[in-house]
Amino acid sequence: MEVKELYRQILGIEKPWRVSQVELDIRAERIDVKVVHDEEVRWPCPECGQLLSVYDHAPERVWRHLDTCQFKTYLHARIPRVKCPVHGVRQVKVSWAEAHSRFTVLFERLAIAVLREANIEGAARLLRVSWDEAWNLMERAVRRGQKRKSRRVVKKMGVDEKSLGKGHNYLTLVYDLEEATVEYIADDRRKESLDGYFSLLSLAQRKEIEAIVTDIWDPYLASIREHVPGAEDKLVFDRYHLMRHLVEAVDRVRKQEHRELKKEGLEVLAGTKYLWLYSQENLPPEKRSFFTWLKKKRLKTARAWAIKESFRELWDYRSLAWAIKHFESWYAWAIRSRLNPIKQVARMFRKYLRNILTYLKHRITNAVSEGLNSTIQTIKKMACGFRNREHFKIAIYFHCGGLDLYPVTH
Ligand SMILES: [Zn+2]
């Protein structure tokens, strides 16, 4: 087989295009393949498909293709332009690349597969492209995926904030809990941040949202109440976030008590911080007997811990009436506890009780998105090279957006 025909076949060049020249540069480890088209061909207008003869040619362009063995391989061509009576002078489409790309479709597909497995630096090294080129391939993939995506209704929705490094720098993320995808990312954690997502949906679509789980965060609540019909029955406070409030309260009680005891020369609470954060069944086996001993010490911290553990039973109820009963007796206990951090949380829970109890109906948590969170955490770690938060957003969409990223081969 002649080398031009060989290249035509392995590069997947179809008529009316053919390979006119193949050049090998051993030193530069590259192969340059020139393709030309038959004359007398009529080309479809890229807008309306009308067949037209060549008007002129655009200047030569170069696309990086898949490597040939260790050689970087480049495709060269001048793309014909047609003059459509309706659409004017337009460049025709070619089968091997998308418009405005410096890479062929096959190369982009490989790059996306590599980028899904590696960080930008690693992908750039493996693909032998620059950081900017690798970044650009990722960004193009996300834009492509977003263009294809139709705005469907997320029936079970999670809303979460994500801090970006130090200071009050946040992103708001909207999750599809059933698909475990990040549907939307906005700057900050203001009401407007979430409004932006709802504004993409029609009223009919917003009606179809069945349940939304989020943290107790007033700007989000305001947005949900404004945009989601029937929000009061759909809104669920994430039980893990709620437990975190209690765990933090226990920790505050411990810190304060530890300080008081130290003044009297007692070190009984020293080094116990993490023991009180566990729930009973997650306590490491080797710590159990010590913890049982510790709990008997008539400590305020032990009382706070017991109140926290008792609250957890709420999640197991099936009947709303029984759950309310449990809450009321728990609340009375917490309020009488003389432990200020616990009392504060108890009052907050009472204020928001209605949407704490909606958990019993919807049984949703942001736990799915906790899984996503670990992916996002990894992206953040890989993201040392990301120059701004837009980059971070693109990477989240790339890895967690559930988008159809790949360009299609013709
Ligand atoms: Zn046309």
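Bear in mind the structure is a predicted one, so any value in this text is a computation, not a measurement.

Caption draft 1: Examining the overall build of the protein chain more closely. Scanning the protein chain from N- to C-terminus turns up 18 helices and 14 strands. For 410 residues, the compact-globule formula gives about 22 Å, and the C-alpha radius of gyration of the protein chain, at 30 Å, lies well above that figure. With respect to the principal axes defined by its C-alpha atoms, the protein chain has extents near 95 × 50 × 35 Å. Out of the 410 residues belonging to the protein chain, those deemed buried represent 47%. Only carbon and sulfur atoms are counted for the fraction: they give 51% of the accessible area of the protein chain, which is about 21,500 Å². The centroid of the 75 positive side-chain charges in the protein chain is displaced by 6 Å from the centroid of its 54 negative side-chain charges.

Caption draft 2: Focus on the packing of aromatic side chains. Tallying each qualifying case throughout the model produces 18 aromatic pairs. Relative to Trp43, the ring of Trp17 has its centre 5.7 Å away and its plane inclined at 55°; by these criteria the two rings are tilted. Of this pair, Trp17 sits in strand S1 (residues 17-25) while Trp43 sits in strand S3 (residues 43-44), and the two are 26 residues apart along the sequence. Aromatic side chains Trp17 and Trp96 sit 5.0 Å apart centroid to centroid with 80° between the ring planes, which places their arrangement in the edge-to-face category. One end of the pair, Trp17, is in strand S1; the other, Trp96, is in the loop between strand S9 (88-91) and helix H2 (105-117), and 79 residues separate them in sequence. The pair formed by Trp17 and Trp96 is uniform in burial state, with each residue classed as buried. Three or more aromatic residues link up through ring pairs in this structure, and these residues are Phe311, Trp315, Phe327, Trp330, Tyr331, Phe349 and Tyr359.

Caption draft 3: Region of interest: a positive patch on the surface. Taken together, Arg252, Lys255, Arg259, Lys262 and Lys263 make up a surface patch of like positive charges. Counting through the fold element by element, Arg252 comes out in helix H9 (residues 239-263). We classify Arg252 as partly exposed; its relative accessible area is 38%.

Caption draft 4: Quick look at a nonpolar patch on the surface. On the surface, a nonpolar cluster with roughly 250 Å² of combined accessible area is contributed by Val3, Leu6 and Ile10. In this fold, Val3 is placed in helix H1 (residues 3-11).

Caption draft 5: The arrangement of the sheet that holds strand S2 (residues 30-37) in detail. In spatial order, the strands read S1-S2-S7-S6; together these four strands make up an open sheet with mixed pairing. Whereas interior strands pair on both sides, the edge strands pair on one side only; in this sheet they are S1 and strand S6 (61-68). For this sheet the average axis-to-axis angle between neighbouring strands, irrespective of direction, equals 25°. Relative to strand S7 (residues 71-77), S2 runs parallel, the two sharing five bridges. Within S7, the position partnered with Arg30 by the bridge is Lys72.

Caption draft 6: Representation of the nonpolar core. Grouped together as the largest cluster of nonpolar side chains are 99 residues, with contacts concentrated most on Phe198, Phe311, Trp330 and Ile342. Of the residues that make up this core, three or more belong to each of domain 2 (105-237 + 386-410) and domain 3 (239-362). Among residues more than four places away in sequence, those in contact with Phe311 are Met243, Leu246, His326, Phe327, Trp330, Phe349 and Ile356. Counting residues in each nonpolar core, the second largest holds 23 residues, with Val19, Cys45, Val82 and Val94 among its members.

Caption draft 7: Geometry of the environment of Lys300. Among the structural elements, Lys300 can be located in helix H12 (residues 300-312). In sequence terms Lys300 and Glu226 are 74 residues apart; their C-alpha atoms lie 42 Å from each other. Reaching out from Lys300, the side chain makes a polar contact with the side chain of Glu260 at a distance of 3.4 Å.

Caption draft 8: Local environment of unusual backbone geometry. Omega for the peptide link from Lys15 to Pro16 comes to 5°, which places this bond in the cis form. Along the chain, Pro16 turns up in the loop between H1 and S1.

Caption draft 9: Expanded view of the pattern of salt bridges. Taken as a whole, this structure holds 38 salt bridges when the rule is applied. In this structure, the salt-bridge partner of Lys191 is Asp195, at a minimum N-O distance of 2.9 Å. Taken as a pair, Lys191 and Asp195 lie in helix H5 (residues 191-198) at a separation of four residues, close to a single helical turn. Asp195 sits in the buried class, given a relative accessible area of 15%.

Caption draft 10: Here's a closer look at the coordination of the zinc ion. The coordination sphere of the zinc ion contains the protein donors Cys45 (SG), Cys48 (SG), Cys84 (SG) and His87 (ND1), at a distance range of 2.1 to 2.3 Å. Coordination geometry of the zinc ion: the four donor atoms subtend angles of 104 to 115° at the metal centre, consistent with an arrangement described as tetrahedral. The sequence motif formed by the donor residues of the zinc ion is C-x2-C-x35-C-x2-H. Note that Cys48 is positioned in the loop between S3 and strand S4 (51-52) and His87 in the loop between strand S8 (80-84) and S9, a separation of 39 residues in sequence. Residue classification places Cys48 among the partly exposed residues on the basis of a relative accessible area of 40%.

Caption draft 11: Summary view of the domain arrangement of the protein chain. In terms of domains, the protein chain is made up of domain 1 (1-96), domain 2 (105-237 + 386-410) and domain 3 (239-362). Relative to domain 3, the C-alpha centre of domain 2 lies at a distance of 35 Å. On the domain 3 side, the residues contacting the 15 residues of domain 2 number 13 residues. With both sides pooled, the region where domain 2 packs onto domain 3 buries about 1,200 Å², and carbon together with sulfur makes up 53% of that total. On inspection of domain 2 and its partner domain 3, the count reaches one salt bridge. On the surface where domain 2 and domain 3 come into contact, there are eight residue pairs in polar contact (both at pLDDT 80 or more). For the side of domain 2 that touches domain 3, the secondary-structure elements that each account for two or more residues are helix H7 (218-227), helix H8 (231-234) and strand S14 (235-237). Considering each element in turn, the side of domain 2 that touches domain 3 owes the most residues, four residues, to H8. Of the residues that constitute the side of domain 2 that touches domain 3, the class distribution is seven nonpolar, no polar and eight charged.

What counts, and at which threshold
- Residues numbered from 1 in each chain as written.
- Predicted model: local features only at pLDDT ≥ 70, side-chain atom pairs only at ≥ 80, totals over all residues.
- Heavy atoms only, no water.
- Helix = DSSP H or I, 4+ residues; strand = E, 2+ residues; numbered from the N terminus.
- Rg over C-alpha atoms; globule rule 2.2 N^0.38 Å.
- Buried < 20%, exposed > 50% of the residue type's maximum accessible area, 1.4 Å probe, protein only.
- Areas by Shrake-Rupley, 256 points an atom, 1.4 Å probe, with all protein chains shown as cover.
- Lys, Arg positive; Asp, Glu negative; His and termini not counted.
- Charge placed at Lys NZ, Arg CZ, Asp CG, Glu CD.
- Phe/Tyr/Trp six-rings, centres within 6.5 Å; stacked < 30°, edge-to-face > 60°.
- Patch = residues over 30% accessible without salt bridge, like charges linked within 9 Å, V, L, I, M, F, W, Y side chains within 5 Å.
- Salt bridge = Lys/Arg side-chain N within 4 Å of Asp/Glu carboxyl O.
- Pairing = 2+ DSSP bridges.
- Axes fitted to C-alpha atoms, helices over the stretch in contact; angles between N-to-C directions.
- Core = buried A, V, L, I, M, F, W, Y, C linked by side-chain atoms within 4.5 Å.
- Domains from an automatic or database assignment.
- Contact = heavy atoms within 4.5 Å.
- Polar contact = N/O pair within 3.5 Å; in protein donor to acceptor, adjacent residues only side chain to side chain.
- Donors = N, O, S within 2.8 Å, 3.2 Å for Na, K, Ca; no water.
- Tetrahedral: all angles 85-135°; square planar, octahedral: opposite > 155°, others 65-115°.
- Buried area = accessible area lost by both parts, 1.4 Å probe.
- Nonpolar A, V, L, I, M, F, W, Y, C, P; charged D, E, K, R; others polar.

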